[in-house]
Amino acid sequence: MYDNVDITTIEPKVKQLLKSRHFIAPEDETAVNSFNVQKAFLTFSNLFMGIEILIWIVGMGTLLAGVVGVSNIMLITIRERTKEIGIRRALGASPQVIIRQILSESIALTLISGFLGLFCGLLILVATEQVVKNSARMLDSPVISFNVALMAVFILILAGACAGIIPAINAIRIKAIDALRDE
């Protein structure tokens, strides 16, 4: 009937009114019981917000570990391809071309692994939906919105670019003469 009314402020007033109408002692706390749905809702709301924050922290930590892993893989790749990069530099490849190549490889590697992770997550959601549908009628089916999936792809591209920066810098530091002498 009234919007934006705090139930916590109304509850004691209703209890006092019931006590006075039914001749109950005002200090008797056990005569009129109540259950504050607003408090329970806030408790569950805070619980789910905490779980969501925890999921984001775990997800970002996993993404950071993946970025470090991709960066290490790219560093090893740069070491193994030192001669190739040296030859390309000797033939006139600009540093921008080499940086672009390393970054594109890093982004591709991150996108492939990210899409595999996203696909596995969607499979888990589908399996969870089947379990929820068959067991608990009061729960909604778990879904991932298109905007969240799009944001995940954007974050993957950004993470791939970040993972390739240090290897790209190392690649452009390779001098053609040193790379050819290395073997």
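Use the structure listed above.
Residues numbered from 1 in each chain as written. Predicted model: local features only at pLDDT ≥ 70, side-chain atom pairs only at ≥ 80, totals over all residues. Heavy atoms only, no water.

A. Looking closely at the overall build of the protein chain. Across its full length, the protein chain carries 6 helices and 0 strands. Seen in sequence order, the protein chain has helices and strands lined up from the N terminus as α-α-α-α-α-α. A compact globule built from 183 residues would reach a C-alpha radius of gyration of about 16 Å, whereas the protein chain, at 30 Å, exceeds it by more than 25%. Its C-alpha atoms put the protein chain at 100 × 35 × 25 Å along the principal axes. Contacts in the protein chain between residues far apart in sequence, at least 24 positions, make up 73% of those at least 6 positions apart. On the protein chain, roughly 13,500 Å² of surface is accessible, and the fraction owed to carbon and sulfur atoms is 69%. For the protein chain, the distance from the average position of its 16 positive side-chain charges to the average position of its 15 negative side-chain charges is 9 Å. (Helix = DSSP H or I, 4+ residues; strand = E, 2+ residues; numbered from the N terminus. Rg over C-alpha atoms; globule rule 2.2 N^0.38 Å. Contact = heavy atoms within 4.5 Å. Areas by Shrake-Rupley, 256 points an atom, 1.4 Å probe, with all protein chains shown as cover. Lys, Arg positive; Asp, Glu negative; His and termini not counted. Charge placed at Lys NZ, Arg CZ, Asp CG, Glu CD.)

B. Looking closely at the nonpolar core. Formed by 14 residues in total, the largest nonpolar core has its most connected members in Ile78, Ile85, Ile98, Ile102, Ala171 and Ile174. For this core, the elements supplying multiple residues, two or more each, are helix H2 (37-80), helix H4 (95-135) and helix H5 (146-172). Residue contacts for Ile102: discarding those within four places in its chain leaves Met74, Ile78, Gly164, Pro167, Ala168 and Ala171. (Core = buried A, V, L, I, M, F, W, Y, C linked by side-chain atoms within 4.5 Å. Buried < 20%, exposed > 50% of the residue type's maximum accessible area, 1.4 Å probe, protein only.)

Nothing here speaks to function; it is geometry throughout.
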